[in-house]
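# Notes for the structure review
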Amino acid sequence: MKPIKAMLPLSRWLLRIAVLAWIIMRNIESIQSLNIQSPDFYISLAFLVFGILLFAGGFSSKPGLTVISAIFLTILFIYRIYTEFVPNVTEAQLIKFTFLSVAVYFMSSANK
């Protein structure tokens, strides 16, 4: 059976929406607390900013915004995986690895 290539743009938009929705759900409490003394506030704010930029990059014909935001999201996901690492495989770790792979996907393919 042949792949349905017409669904590729839809799947990219669904990935963008899923990443942005997860970032908002995961980080909104930290941002709303406005604890500017906490490094978690700035990490959460960076996640939110680059998640929005990744989503907005889908509207641009040039890949720059998507690639730059995906690079920073990749770094942020690696940071979160490293700092929140536990020796057991958890659902939270798997979710972060999944979104890390989505960020790497957008870093490598941009808006193609």
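First things first, this report covers the structure right here in the doc. (Residues numbered from 1 in each chain as written. Predicted model: local features only at pLDDT ≥ 70, side-chain atom pairs only at ≥ 80, totals over all residues. Heavy atoms only, no water.)

Looking now at a nonpolar patch on the surface. On the surface, Ile68, Ile71, Phe72, Ile75, Val104 and Met107 cluster together into a nonpolar patch covering about 480 Å² of accessible area. Secondary structure elements with two or more residues in the nonpolar patch: helix 3 (64–83) and helix 4 (91–109). Sorting elements by how many residues they give to the nonpolar patch places helix 3 first, with 4 residues. Taking the relative accessible area as the measure of exposure, Phe72 reaches 39% and is therefore partly exposed. (Patch = residues over 30% accessible without salt bridge, like charges linked within 9 Å, V, L, I, M, F, W, Y side chains within 5 Å. Areas by Shrake-Rupley, 256 points an atom, 1.4 Å probe, with all protein chains shown as cover. Salt bridge = Lys/Arg side-chain N within 4 Å of Asp/Glu carboxyl O. Helix = DSSP H or I, 4+ residues; strand = E, 2+ residues; numbered from the N terminus. Buried < 20%, exposed > 50% of the residue type's maximum accessible area, 1.4 Å probe, protein only.)

Okay, the environment of Ala21 next. Looking at the element boundaries, Ala21 is found in helix 1 (residues 8–32). Given the relative accessible area of 36%, Ala21 is considered partly exposed. When the C-alpha positions of Ala21 and Gly51 are compared, they lie 8.8 Å apart, and in sequence the two are 30 residues distant.

Core analysis: the largest hydrophobic core is formed by 17 residues, its most contacted members being Val19, Ile23, Phe47, Leu54, Leu73 and Phe77. Put simply, the parts of the chain that give this core at least two residues each are helix 1, helix 2 (39–57), helix 3 and helix 4. Look past the residues within four positions of Leu73 in its chain and what remains in contact with it is Val19, Ile23, Phe47, Phe50, Gly51, Leu54 and Ala103. (Core = buried A, V, L, I, M, F, W, Y, C linked by side-chain atoms within 4.5 Å. Contact = heavy atoms within 4.5 Å.)

This part covers the environment of Ile17. Structurally, Ile17 can be placed in helix 1. Here the alpha-carbon distance between Ile17 and Leu54, two residues 37 residues apart in the chain, equals 9.5 Å.

Between its first and last C-alpha, helix 1 extends 35 Å over 25 residues, near the 36 Å set by a 1.5 Å rise per residue. Among all positions in helix 1, only Arg12, Arg16, Val19, Leu20, Trp22, Ile23, Asn27, Ser30 and Ile31 are buried. Contacts made by the buried residues of helix 1 are with helix 2, helix 3 and helix 4. Once helix 1 finishes, Leu34 follows within two positions and takes phi at roughly 50°, a positive value. (Expected span 1.5 Å × (residues − 1).)

At a closest axis distance of 8 Å, the pairing of helix 3 and helix 4 adopts a crossing angle of 155°. On the basis of the axis angle, helix 3 is roughly antiparallel to helix 4. Our pair here, helix 3 against helix 4, has a crossing hand that is left-handed. Touching Thr66, Val67, Ala70, Ile71, Leu73, Thr74, Phe77, Ile78, Arg80 and Ile81 of helix 3 are Lys96, Phe97, Phe99, Leu100, Ala103, Val104, Phe106 and Met107, all from helix 4. Grouping the constituent residues of the contact of helix 3 with helix 4 by class yields 14 nonpolar, 2 polar and 2 charged. (Axes fitted to C-alpha atoms, helices over the stretch in contact; angles between N-to-C directions. Parallel < 35°, antiparallel > 145°, perpendicular 65-115°, else oblique. Left-handed = near helix turned anticlockwise from the far one by under 90°. Nonpolar A, V, L, I, M, F, W, Y, C, P; charged D, E, K, R; others polar.)

Let us look at the pattern of salt bridges. Per the counting criterion, the structure on display carries 4 salt bridges. For Asp40, the salt bridge goes to Arg80, with nearest N and O atoms at 2.9 Å. One end of the pair, Asp40, is in helix 2; the other, Arg80, is in helix 3, with 40 residues separating them in the sequence. Under the relative-accessibility criterion, Asp40 is labelled partly exposed at 35%. For Arg80, the salt bridge goes to Glu84, with nearest N and O atoms at 3.5 Å. On the basis of relative accessible area, Arg80 is assigned to the buried category, the value being 3%. According to the relative accessible area criterion, Glu84 is partly exposed, its value standing at 31%.

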